[in-house]
Number of protein chains: 2
Amino acid sequence: MTSRIEAIYRIRASGATIATRARQIAVEQSVEMPVEAITAARVLDEIVGQVRDIRDLGGGLFEVRIGLSVETVGDDPGQLVNMLFGNSSLHDDVILKDAILPEPLLQAFAGPGHGLAGLRARLKADGRALTCSALKPQGLPAKELAALAHDMALGRLDCIKDDHGLSNQRFSPFADRVQACAEAVARAAEKTGHPTRYVPSLTGSLDALRQQMEVARNAGIDTVMIAPMIAGLSNGLQLKREYPEMAVLAHPTLAGAARIAPPFLLGKLFRLVGADGVIFPNHGGRFSYSDQTCRAIARAALSPWRYGKQQIAPAIPVPAGGMSLERVPEMLRFYGMDVMLLIGGALLSAGARLTQATEAFTRAVAEYTYG
Amino acid sequence: MTSRIEAIYRIRASGATIATRARQIAVEQSVEMPVEAITAARVLDEIVGQVRDIRDLGGGLFEVRIGLSVETVGDDPGQLVNMLFGNSSLHDDVILKDAILPEPLLQAFAGPGHGLAGLRARLKADGRALTCSALKPQGLPAKELAALAHDMALGRLDCIKDDHGLSNQRFSPFADRVQACAEAVARAAEKTGHPTRYVPSLTGSLDALRQQMEVARNAGIDTVMIAPMIAGLSNGLQLKREYPEMAVLAHPTLAGAARIAPPFLLGKLFRLVGADGVIFPNHGGRFSYSDQTCRAIARAALSPWRYGKQQIAPAIPVPAGGMSLERVPEMLRFYGMDVMLLIGGALLSAGARLTQATEAFTRAVAEYTYG
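One structure accompanies this document, and this report is about it. All residue numbers here refer to positions counted from 1 along the written sequence of the relevant chain. Labels are handed out in written order, letters beginning with A for the chains and numbers beginning with 1 for the ligands. Under the rules for a predicted model, residues below a pLDDT of 70 receive no local features and side-chain atom pairs below 80 are neither given nor counted, while totals for whole chains, interfaces and linings still include all residues. Only hydrogens and water are set aside when side-chain values are computed; all heavy atoms of the structure are taken into account.

## Overview of unusual backbone geometry
All names here are of chain A.
Okay, so step 1: Here the residue pair Lys136 and Pro137 is connected by a cis peptide bond, since its omega of -10° sits within 30 degrees of zero.
Okay, so step 2: With respect to the helices and strands, Pro137 occurs in the loop between strand S5 (130-135) and helix H6 (142-153).
Okay, so step 3: Not every positive phi belongs to a glycine, and Ala110 is a case in point at roughly 70°.
Okay, so step 4: By definition, any uninterrupted DSSP run of H or I lasting at least four residues is a helix, any uninterrupted run of E lasting at least two residues is a strand, and each is numbered from the N terminus. Structurally, Ala110 is set in the loop between helix H4 (103-109) and helix H5 (115-122).
Okay, so step 5: Buried residues are those whose accessible area, probed at 1.4 Å on protein chains only, stays under 20% of the maximum for their type, while exposed residues exceed 50% and partly exposed ones sit between those limits. Given a relative accessible area of 35%, Ala110 falls into the partly exposed group.

Encoded structure:
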């Protein structure tokens, strides 16, 4: 007996068709061929996906639980999404809602190296929510981005991350930008006494990511941002293993809205492969996630998650996307203390008063009283 | 003046809201901050996305064309999808329909190294459609997969590809499988005189992909399969550059059905970053793509695509997913000669008569008369 992954799908079907459709997906996500044509008993017993449960959610929607062999995944997170949802992502009638992963996979992927507690310790941010802003717009030369980062850091932010659109572009090559911003933020941190981190965005092939990691490490940086759905989950995990001292914020770009449930993809899977913090679009901003979805993402990132005597460290939820100073109390009421608030454009809109606007943000977070 | 990418979106909106929504997306996919807060003239002129055209398609659907700076992409295909659709993939109301890419990007990515003509030459397949089958089920040991590959190759297939679920699993480690299958197929090809290719599926991080490329090359293999949406487009291109002699079939797993139009993603973007053949779910099989979508994918893969005096080679369309011998004439009528037909499970269902079923398939393709 092998232990199984339990993949949980939501499928649009009718009462008459759901049993067949569930079996089809179980086959599609495992052997992908007519089961009648399989003669090997071991494959039939251990590899073919098994429909474990079908629950009618009403309105033509069903929740289907399918047991998938953990052997088909091995220890590669790219292969995990391949087996969970690869071909089924091409079907319009099914979304991947969640998955329960057995111990060997939790052990193989192991989760955040630092997580919530590690980030709190580094950022000297006990007993309060964390704060973050974003360096933009792209198109500015490194020197001007560094000047913005400096003025933001004077406002005592915890993290200043690159806009996810920044990569290794001619108008601000990665090495120049990282060197300039790291120095600028360190200079400001010396003045404020607060250990603000500059968090560069790493992009490109694994080779490029690795070169950028080296540049970042040489500039004294200990936190970076990666976009797992563009970089590839396998490469993200590889990098995490090679640079265990680096904390990682995961960016949701290209993660889609509709096919893999965001709480599973961003909150659980990104966390599992090592994201210490997960950025996601907060409700009521520029994006359309509901408050329930956002709460579920935060819960997935933070919930206790144990295997054997080990545990997967919590990752810090980072709601973002059109947030403003005015929303700070409401967001802290909603998310509590274990959150990193990210306000980007609204701070940059303050122009010459960037430091003051940033200070107002960090003060509002520091002084908030949880009721 | 920089040249621009023209990204083409389909947006659900009303006549009253579409102009604002189009501007929001233009900003989201470029500077991602309030434009009023940008003071640098160069950024405003050259980097901020520009709405170029809004067309009412009726029924609450609009086609919006947005000019994006090619400078923001550089020469990284991961960054190309990031700028085309990264954050907007998180919105429910917009899909990426297509993009017109300026010369510098076409030059940087350069398309298939072999393409349709190269594959035809290698496979001695002039004046007819090409044929392919898939090795399954996963769970079988390397030796048994090799035996299946041998019997299929006796039926004179052009390509025998790994099931996309096969990776580097304990029940059939990559190196063992590739060695065994390459030998088995070479042995059969010697008997038939037809140069059948075994096409292994490469998976994992760029390091793993590279190691697997080496194993494949050492086994005398010249065609491999990669899943660009799991491996990451940047890694796929990197590998293509390092192994120019390898032809690549791109697998659509995790490519989604609904957010990036399949003709653009599979037919155009996969081709652009070097896929010599693009596998996609054919209409009327296990998947729900319409015949129009399939025709559009095939056209996108094959259409003339020129820049300056260069051209992007055509990639061969590979419709698949539940196909059968009975459908061969209809598929050839539909796709014409420039296609590689892929029948997997239906051949394997023949059991002990695998070679005969395969022969019937390749004969039906070879003897088909285009009317």
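## Thoughts on the sheet that holds strand S2 (residues 50-58) of chain B
All names here are of chain B.
Okay, so step 1: When DSSP finds two or more bridges between a pair of strands, those strands are recorded as paired. Judged by pairing direction, the sheet is antiparallel, and its four strands sit side by side in the order S2-S3-S1-S4 without closing on themselves. Each edge of the open sheet is held by one strand with a lone partner, namely S2 and strand S4 (94-100). Averaged over all neighbouring strand pairs, the angle between strand axes comes to 20°, with direction disregarded.
Okay, so step 2: Looking at chain direction, strand S1 (residues 4-12) and S4 are connected through six bridges and run antiparallel. Opposite Glu6, over in S4, you have Ile100 as the bridge partner.
Okay, so step 3: Its contacts with the sheet put helix H3 (residues 77-85) on S1, strand S3 (61-69) and S4, and the angle it makes with S1 is roughly 45°. Note on geometry: axes are lines fitted to C-alpha atoms, helical ones only across the stretch in contact, with angles between N-to-C directions running from 0 to 180 degrees. Any two residues having at least one pair of non-hydrogen atoms within 4.5 Å are treated as being in contact.

## Quick notes on the relation of the copies chain A and chain B
The relation between the two copies of this chain is a rotation about an axis and a shift parallel to it.
Okay, so step 1: Superposing copies: least-squares fit, C-alpha atoms only, residues required to have pLDDT of at least 70 in both. When chain A is fitted to chain B, the best match, at an RMSD of 0.0 Å, comes from turning it 180° and sliding it 0.0 Å along the axis. Considering both components of the superposition, the chain copies are consistent with a two-fold axis. By C-alpha distance to the rotation axis, the residue of chain A lying nearest is A:Gly232, at 2.4 Å.
Okay, so step 2: When the interface residues of chain A are mapped onto chain B, 100% of them again lie at the interface, so the same face is used by both copies.

## Some points on helix H8 (residues 206-218) of chain B
All names here are of chain B.
Okay, so step 1: The end-to-end C-alpha separation of H8 is 18 Å, in line with the 18 Å expected for 13 residues at 1.5 Å each.
Okay, so step 2: All buried positions along H8 are accounted for by Leu206, Asp207, Ala208, Leu209, Arg210, Gln212, Met213 and Ala216.
Okay, so step 3: Gly220 occupies a position one or two residues after H8 and carries a positive phi of about 80°. A helix is expected to reach a length of 1.5 Å times the quantity of its residues less one.

## Points about the interface of chain A and chain B
Okay, so step 1: In this assembly, 72 residues from chain A lie in contact with 72 residues from chain B.
Okay, so step 2: When two parts are brought into contact, each loses some accessible area as probed by a 1.4 Å sphere; the total of that loss over both is the buried area. On the chain A side of the contact with chain B, A:Glu32, A:Leu90 and A:Leu254 bury the most area, a combined 12% of that side's loss.
Okay, so step 3: The salt bridge definition used is simple: a Lys or Arg side-chain nitrogen within 4 Å of an Asp or Glu carboxyl oxygen. Our count for the chain A to chain B interface comes out at eight salt bridges.
Okay, so step 4: The partner of B:Glu32 in a salt bridge is A:Lys136, with the nearest N and O atoms 3.6 Å apart.
Okay, so step 5: We call two N or O atoms a polar contact when they sit within 3.5 Å, provided that within protein one can donate a hydrogen and the other can accept it, with sequence-adjacent residues counted only if both atoms are side-chain atoms. Here chain A is connected to chain B by 36 residue pairs in polar contact (both at pLDDT 80 or more).
Okay, so step 6: Those elements that provide at least two residues to the side of chain A that touches chain B are helix H2 (41-47), helix H3 (77-85), helix H8 (206-218), helix H9 (228-231), helix H10 (233-242) and helix H14 (345-348) of chain A.
Okay, so step 7: Looking at the side of chain A that touches chain B residue by residue, the class counts come to 30 nonpolar, 28 polar and 14 charged. Note on residue categories: nonpolar means Ala, Val, Leu, Ile, Met, Phe, Trp, Tyr, Cys or Pro, charged means Asp, Glu, Lys or Arg, and polar means any other residue, Gly included.

## Regarding the packing of H8(B) against helix H10 (residues 233-242) of chain B
Residues and elements named next belong to chain B.
Okay, so step 1: Where H8 meets H10, the axes come as close as 10 Å, and the angle between the chain directions of the two elements is 30°. With respect to each other, H8 and H10 are oriented roughly parallel. Both H8 and H10 take part in a crossing whose hand is right-handed. Every residue of H10 that contacts H8 at Leu206, Leu209, Arg210 and Met213 is listed here: Asn235, Gln238, Leu239 and Glu242.
Okay, so step 2: In terms of residue class, the contact of H8 with H10 is made up of four nonpolar, two polar and two charged. Throughout, the term roughly parallel applies to angles under 35 degrees, roughly antiparallel to angles over 145, roughly perpendicular to angles from 65 to 115, and oblique to all others. Should the near helix be turned counterclockwise from the far one by less than a right angle, the crossing is left-handed, whereas a clockwise turn marks it as right-handed.

## Focus: the side chain of B:Gln79
Okay, so step 1: Here B:Gln79 is to be found in helix H3.
Okay, so step 2: Judged by relative accessible area, B:Gln79 falls into the buried class, the value being 1%.
Okay, so step 3: A polar atom in the side chain of B:Gln79 sits 3.1 Å from the side chain of B:Asn82.
Okay, so step 4: If sequence neighbours within four positions are ignored, B:Gln79 has contacts with A:Gly165, A:Ser167, A:Gln169, A:Thr203, B:Thr72 and B:Val73.

## Regarding the sheet that holds strand S4 (residues 94-100) of chain A
Either a parallel or an antiparallel arrangement is found when strands of a sheet pair, and the pairing is made through backbone hydrogen bonds.
All names here are of chain A.
Okay, so step 1: With antiparallel pairing, four strands are arranged side by side in an open sheet as S2-S3-S1-S4. Strands at the two margins of the open sheet, each flanked by one partner only, are strand S2 (50-58) and S4. On average, adjacent strands in this sheet sit at an angle of 20° to one another, irrespective of strand direction.

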